[in-house]
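Descriptive analysis of the structure
Spelled out from the first residue to the last, the chains are:
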Amino acid sequence: MSLKRKYGLLASSAAVALLLAACGGDTGSEDTDTGTDNGGDTAEVEDGDTGSDIPEFEQVVENEGDPIDGGTLRIAMVADSAFPGIFSSEFYGINLDALLMGPTSGSLLRSDEEYQWTDGAASMDFDEDENKATITLQEGVKWHDGEEVTVDDIIFTHEIVGHPDYTGVRYSESLQNIEGMEEYHNGEADTISGLNAVDDYTLEIQYIEPEGPAILQAGGGIWAYAAPRHYYGDLPIDEIESSEQVRENPIGFGPYKVSNIVPGESVEYEAFEDYFEGAPKIDKIIVERVPTSGIVEALKSGDFDITWGMPSNLYDSFDEGIPGYTTLGAPGQSYDYLSFKVGEWDAEEGKNVYNPDAKMADKNLRQAMAYALDIDAVGTEFYNGLRYRATSHIVPNFGDFFNPDVEGYPHDIDKANELLDEAGYEDVDGDGIREDPNGDPLTINYAARANSDAAEPIALYYIQAWKEIGLDVQLLEGRLHETNAFYDRVQADDPEIDVHEGGWGVGSDPTPDGLYGETAAFNFPRFVSDENNAYMDDMLSQEGFDTDWRLGVFHEWQEYFMDEAVSVPTFWRTELQLVNNRVSNWSHDEVPGADPATYGWHAIELLADEPLTE
């Protein structure tokens, strides 16, 4: 049996333990473009523009002054879609909910500057010889209702995700590699034999097959969460996601506890005085969803202290600063992409199945569609150069894992036409539109999110660019789609979708099997090949403890997978946040390894009673 693990898809130093494994590493979550990027009202782009001249920004705020006693921190969640409101690491699906869980969830384990596991409410040791991980929980860590967090809560979160009735998408091969997990998942056992509670604070996790170096990577193999067994009570597993305990009155062991939720719109938190790292310095946090069109005026009025997401197309309106605020920026742990449907998800087998006869199965067709787009120009025209053409599925933040020699798909119309000609896509009837290699009409359905004002003009530009190489690409149902409904349809393999755009956050583990492995539910192209499987296995094998060898595998895979073009990364991002000058001890969400004693939620201070506007 070959076992691989899913990796993390979202990263936020402010909520790092929750986000480490999002969308892979045992969890999953689509990047919903939180609060980003309105655009203009035209689909025209000037050829040859590039997004290479990227401004430099501060990444932390440490304003000086005398802190007030308590106060209320106001956060603007800049987003045009309501948040779903699933406050559970086992069930949430998109970044909006992950952000909202940041102040409240608590962190069993955190990551350092190299995205390696470090201590939180617990520590982790891995015995390579015994193929066993040991999680040691601090004593006295409490849930928000006053009950102590114990090893049984860590076991319970594994039982939720591994249960036969589990309704989420985080049951992964990394979990299957725990001894007894498959038997439990198949209903053949009532417990997971590989989870051994030595005592209330010590858990041993026994793995079946040898674990590779990803076990040490934050988000790479350990399911680093806890779920309050006592609070969920006797709820059936398939009812937890929709329960009051998750949607209305969630609890965690973080520094703040939820006091009120207005579904889809706002969340209020109050300080949790018994937080294990010390009582928070601020009494209350209020997060409100703000449409992208209104955020600049709201900041000028001093309505908020911090933005979660800031529209980069508006950067030229605040590039000299908004009075009273500091603009922070950091390279995002994320990328945008185009995904071409070449297979389907087999829910019974829990794996992707490649279809060589799929409409988008021809690699030349996929590559041609990538070459047809001038991504550099789009980044400049719509995103003020704060998004720029991506050349790999491994982001540069991962250092040596990133292969700088991969060129990706620069704008090349001649190359696009050449590829289509070679593959037999010809304009048979002379109407300017190519037929498929059999001479039959070819219409490609393209799905895009209604996540910003830029979404429609960019979609229109893509369709126009594809028409220039003779392809009839139609916007799905003639419109953009609300983000949550969009991802529901993509994940359900809607047969009407041939190509879609999207975004992934890539968390703390560079290993890409959680997005592109055979058993990855988030492998939206549904692509599978023996060669790709071999790369995934090699990345996760014990041989990978030889760092140079493992880096070589990563570099080769990036060349291979970019050439396959089933998923084509389009943009990397500079993520912006604005922070009011009355706030101190805040680190940009994308900065790894921020010291929790200085920048943790409980350490943030306010230096004035109201946001400053000068």
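Residues numbered from 1 in each chain as written. Predicted model: local features only at pLDDT ≥ 70, side-chain atom pairs only at ≥ 80, totals over all residues. Heavy atoms only, no water.

The next thing to look at is the packing of aromatic side chains. Under the counting rule described, the total for this entry stands at 31 aromatic pairs. Measuring from ring centre to ring centre gives 5.7 Å for Phe402 and Trp572, while their planes differ by 75 degrees; the resulting arrangement is edge-to-face. In this pair, Phe402 sits in the loop between strand S17 (387–389) and helix H12 (413–423) while Trp572 sits in strand S22 (residues 571–580), placing the two residues 170 residues apart along the sequence. Grouping residues by exposure puts Phe402 and Trp572 together as buried. Through successive ring pairs, a cluster of aromatic residues spans Tyr354, Tyr516, Phe527, Trp557 and Phe561. The ring of Tyr383 carries the charged tip of Arg387 above its face, separated from the ring centre by 4.6 Å. (Phe/Tyr/Trp six-rings, centres within 6.5 Å; stacked < 30°, edge-to-face > 60°. Helix = DSSP H or I, 4+ residues; strand = E, 2+ residues; numbered from the N terminus. Buried < 20%, exposed > 50% of the residue type's maximum accessible area, 1.4 Å probe, protein only. Lys NZ or Arg CZ within 6 Å of the ring centre and 35° of its normal.)

Before going further, it helps to spend a moment on the confidence of the model for the protein. Any region with low pLDDT has predicted coordinates that should not be read closely. In the predicted model, the protein carries a mean pLDDT of 88, and 91% of its residues have values of at least 70. A low-confidence stretch, residues 1–29 stays under pLDDT 50, and its non-local contacts, those more than four residues away or across chains, total 174 contacts. Here residues 32–52 is modelled with pLDDT under 50, and outside its nearest four sequence neighbours on either side it reaches 83 contacts, counting other chains as well. (pLDDT = per-residue confidence, 0-100. Contact = heavy atoms within 4.5 Å.)

With respect to the secondary-structure elements, Thr150 resides in the loop between strand S6 (132–137) and helix H3 (151–162). Assessed through its relative accessible area of 19%, Thr150 is described here as buried. Once you skip the residues sitting within four places of it in the chain, Thr150 turns out to touch Leu137 and Asp200.

On to the sheet that holds strand S5 (residues 122–127), then. With antiparallel pairing, 4 strands are arranged side by side in an open sheet as S5-S6-S8-S7. Each edge of the open sheet carries a strand with a single partner, namely S5 and strand S7 (195–199). Averaged over all pairs of adjacent strands, the angle between strand axes in this sheet comes to 20 degrees, irrespective of strand direction. (Pairing = 2+ DSSP bridges. Axes fitted to C-alpha atoms, helices over the stretch in contact; angles between N-to-C directions.)

Time to look at helix H10 (residues 363–371). Where burial is concerned, most of H10 is hidden: 8 out of the 9 residues are buried. Those residues of H10 lying buried are Asn364, Leu365, Arg366, Gln367, Ala368, Met369, Ala370 and Tyr371.

Before going further, it helps to spend a moment on the nonpolar core. Formed by 82 residues in total, the largest nonpolar core has its most connected members in Ile222 and Trp586. With 6 residues, the top contributor of residues to this core is H3. Judged by nonpolar contacts, the second largest core, of 79 residues, contains Leu373, Ile458, Tyr462 and Trp466. (Core = buried A, V, L, I, M, F, W, Y, C linked by side-chain atoms within 4.5 Å.)

Counted under the stated rule, the structure contains 24 salt bridges. Linking Glu268 and Lys284 is a salt bridge whose minimum nitrogen-to-oxygen distance equals 3.5 Å. A residue pair is termed long-range when its members are at least 10 positions apart, and Glu268 in strand S10 (residues 266–271) and Lys284 in strand S11 (residues 284–290) qualify at 16 residues. The salt bridge partner of Arg489 is Glu477, with a shortest N-O separation of 2.9 Å. Of this pair, Arg489 sits in helix H14 (residues 483–491) while Glu477 sits in the loop between strand S19 (472–475) and H14; the two residues are 12 residues apart in sequence, bridging distant segments of the chain. Through salt bridges with shared partners, a single network forms among Asp336, Arg387, Arg573 and Glu575. (Salt bridge = Lys/Arg side-chain N within 4 Å of Asp/Glu carboxyl O.)

To continue, consider unusual backbone geometry. Residue Asp493 is not a glycine yet carries a positive backbone phi of 60 degrees. Note on Asp493: relative accessible area 14%, which makes it buried. Phi is positive for Ala565, close to 55 degrees, though the residue is something other than glycine. Within the secondary structure, Ala565 is located in the loop between helix H17 (547–564) and strand S21 (567–569).

On to the packing of helix H11 (residues 375–383) against helix H13 (residues 455–468). One way to put it is that H11 packs onto H13 with a least axis distance of 11 Å and a crossing angle of 155 degrees. It follows that H11 is roughly antiparallel to H13 by the angle criterion. Crossing of H11 over H13 shows right-handed handedness. On H13, the residues touching Ile375, Val378, Phe382 and Tyr383 of H11 are Pro457, Ile458, Tyr461 and Tyr462. For the contact of H11 with H13, the class distribution of residues is 8 nonpolar, no polar and no charged. (Parallel < 35°, antiparallel > 145°, perpendicular 65-115°, else oblique. Left-handed = near helix turned anticlockwise from the far one by under 90°. Nonpolar A, V, L, I, M, F, W, Y, C, P; charged D, E, K, R; others polar.)

It is worth spelling out helix H16 (residues 530–540) at this point. Residues Asn532, Asn533, Tyr535, Met536, Met539 and Leu540 constitute the buried set of H16. The buried residues of H16 all sit within an arc of 160 degrees when viewed along its axis, so they share a single face. (Arc of directions from axis to C-beta.)

With that settled, consider the sheet that holds S19. Pairing between sheet strands relies on hydrogen bonds along the backbone, with the strands arranged either parallel or antiparallel. Ordered by their spatial adjacency, 5 strands build an open sheet running S19-S18-S20-S14-S21, and the pairing between neighbours is mixed. What marks the edges here is a single partner per strand, and that holds for S19 and S21. Put simply, the sheet's adjacent strands are angled 30 degrees from each other on average, direction ignored. One ladder, built from 4 bridges, connects strand S18 (residues 443–447) with S19; its direction is parallel. Looking across to S19, one finds that Ile444 is bridged to Val473.

What follows concerns the packing of H10 against H12. Where H10 meets H12, the closest approach of the two axes is 8 Å, and the angle between their N-to-C directions is 165 degrees. Our classification of the angle between H10 and H12 gives roughly antiparallel. Our pair here, H10 against H12, has a crossing hand that is left-handed. For the pair H10 and H12, the contacting residues are Asn364, Leu365, Gln367, Ala368 and Tyr371 in the first and Ile413, Lys415, Ala416, Leu419, Leu420, Glu422 and Ala423 in the second. Taken together, the residues that form the contact of H10 with H12 break down as 8 nonpolar, 2 polar and 2 charged.

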